[in-house]
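So the chains spell out like this:
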Amino acid sequence: MAHARRKIHELHTNKATVTTTEALRRIAQLYAIEAQLCGQPPDRRRQIRQEQARPLLDDFEVWLRTRLLTLSTQSDTTKAINYMLNQWQALVYYCEDGRAEIDNNIAENALRGVALGRKNFMFLGADSGGERAAAMYSLIVSAKLNGIDPQAYLRHVLTHIADHPINRVGELLPWNVAGQMRPVAG
């Protein structure tokens, strides 16, 4: 949804129209529902989405298709609406699965550092170097997602791993040590 919204928002920023204003208003309604569901269990999220978001999405789809009939086929607004409609099944999926999010911003933000450093990582030496880097990224991002400072987490693991039984190394994963470590501020 964030990508679909971004296309409309860019048009709106350049030149606000009735169509872009209304599309952004409708998307904002969906995000407002999501804000209320933060921290709720998946079954509850799915129930509320089915009751509140799904009717809004169904109405939004009809509105988008109707708007297409009034726009030039070559306009940027038509392209943005067609993008949304072509992605519609993916855009509404979150209503069917309470574990899914309305957008994938969390995952994209977690991978931003990897994308920014992609050229630096091109020469890791071998496939095994890439595998090690992937393992480290997974640990670092998992630490962040568990509210742990990654540097403090790695320091903790390196301090304890030598004396830790190999068959219990899973005990050192971020979600298992989060209670032993101070949470990240902010």
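The structure this text deals with has already been given above.
If you're wondering where the values come from, they're calculated on a predicted model, not measured in any experiment.

A.B. asks: Tell me about the overall build of the protein, residues and numbers included.
C.D. replies: Counting secondary structure elements, the protein contains 9 helices and 0 strands. The globule rule puts the C-alpha radius of gyration for 186 residues at 16 Å, and the 22 Å found for the protein is more than 25% above it. Seen along its three principal axes, the alpha-carbon backbone of the protein occupies a region of about 70 × 40 × 30 Å. Here the contacts in the protein between residues at least 6 apart in sequence split such that 61% fall between residues at least 24 apart. For the protein, the accessible surface area stands at approximately 12200 Å², while carbon and sulfur atoms represent 55% of it. Counting 23 positive and 19 negative side-chain charges, the protein places the centres of these two groups 5 Å from one another.

A.B. asks: Before we move on, could you go through the packing of helix H3 (residues 42-68) against helix H4 (residues 76-86) and cite the residues and values that matter?
C.D. replies: It is at 10 Å that the axes of H3 and H4 come closest, and there the two elements cross at 145 degrees. In this structure, H3 meets H4 at a crossing whose hand is left-handed. Of H4, the residues touching H3 (which contributes Phe60, Glu61, Leu64, Arg65, Arg67 and Leu68) are Thr78, Ile81, Asn82, Met84 and Leu85. The residue makeup of the contact of H3 with H4, split by class, is 6 nonpolar, 2 polar and 3 charged.

Basis of the calculations
- Residues numbered from 1 in each chain as written.
- Predicted model: local features only at pLDDT ≥ 70, side-chain atom pairs only at ≥ 80, totals over all residues.
- Heavy atoms only, no water.
- Helix = DSSP H or I, 4+ residues; strand = E, 2+ residues; numbered from the N terminus.
- Rg over C-alpha atoms; globule rule 2.2 N^0.38 Å.
- Contact = heavy atoms within 4.5 Å.
- Areas by Shrake-Rupley, 256 points an atom, 1.4 Å probe, with all protein chains shown as cover.
- Lys, Arg positive; Asp, Glu negative; His and termini not counted.
- Charge placed at Lys NZ, Arg CZ, Asp CG, Glu CD.
- Axes fitted to C-alpha atoms, helices over the stretch in contact; angles between N-to-C directions.
- Left-handed = near helix turned anticlockwise from the far one by under 90°.
- Nonpolar A, V, L, I, M, F, W, Y, C, P; charged D, E, K, R; others polar.

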